[in-house]
Amino acid sequence: MPRKTPQEKKRLSYAKDRRPNYGNSDKAARTTVPARKRQVNRANRHRARQDLLAAMGRPDAAAAYAAEGHLASRRPKTWKKFPDLPLGIWVEGILERRAEREEGDVADRARLDRAQRRLRRPQRSPADHTIPFPY
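All of these numbers come straight from a predicted model, not from anything done at the bench.

The rules we used
Residues numbered from 1 in each chain as written. Predicted model: local features only at pLDDT ≥ 70, side-chain atom pairs only at ≥ 80, totals over all residues. Heavy atoms only, no water. Core = buried A, V, L, I, M, F, W, Y, C linked by side-chain atoms within 4.5 Å. Buried < 20%, exposed > 50% of the residue type's maximum accessible area, 1.4 Å probe, protein only. Helix = DSSP H or I, 4+ residues; strand = E, 2+ residues; numbered from the N terminus. Salt bridge = Lys/Arg side-chain N within 4 Å of Asp/Glu carboxyl O. Polar contact = N/O pair within 3.5 Å; in protein donor to acceptor, adjacent residues only side chain to side chain. Contact = heavy atoms within 4.5 Å.

Chemist: Would you mind going over the nonpolar core with me for this structure?
Modeler: A general trend in soluble globular proteins is that nonpolar side chains are found buried together. Residues Y14, L85, L87, W90, L95, L112 and A115 constitute the largest nonpolar core, which totals seven residues. Where this core is concerned, the elements lending two or more residues are α4 (87–101) and α5 (106–119). If you tally residues by element for this core, the top one is α4, at three residues.

See the structure below:
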């Protein structure tokens, strides 16, 4: 495998490294993601237990079928983490906001142009700004 040039390394870093874009710090995700998964699973187990309590007591086929049907008809709660932004899009968003804030600064516009070239994406005008704000 040939060695990577510094330019290749930077391009790969911009494409593959990620930054959180949903409001938490990157360290907070270590605890909040597992906590949210636990919360959803706990709620699903609770709902299933409540539905099955109706079938408790004397064996009755009708009550068992009704409880099973009620259990199967309810969609379980789900939760999925939003994917983090690639570093290149993160940096591009920061540079775009900086260029908008200081409209006369040529250096920020040049940095933004270089970042967009690294990403190999067409340059966008400030009017079609669609990148979410990275917190």
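Alright, that's what it looks like, and here's the rest.
Chemist: What am I meant to see in the pattern of salt bridges here?
Modeler: Here the idea is simple: oppositely charged side chains can pair when their charged atoms come close. Inspection of the entire model under this criterion finds two salt bridges. Between D51 and R74 there is a salt bridge, with the nearest N and O atoms lying 3.0 Å from each other. On the criterion of sequence distance, the pair formed by D51 in helix α2 (residues 29–53) and R74 in the loop between α3 (61–73) and β2 (85–86) is long-range, its members being 23 residues apart. Taking the shortest distance from any N to any O, the salt bridge between D84 and K81 comes out at 3.1 Å. Taking the relative accessible area as the measure of exposure, K81 reaches 29% and is therefore partly exposed.

Chemist: I keep staring at the side chain of N44 and nothing clicks. Help me out?
Modeler: Note on placement: N44 falls in helix α2. A polar contact of 2.8 Å, which involves the side chain of N44, links it to the backbone nitrogen of K77. Beyond its immediate chain neighbours, meaning those up to four positions away, N44 contacts P76 and K77.

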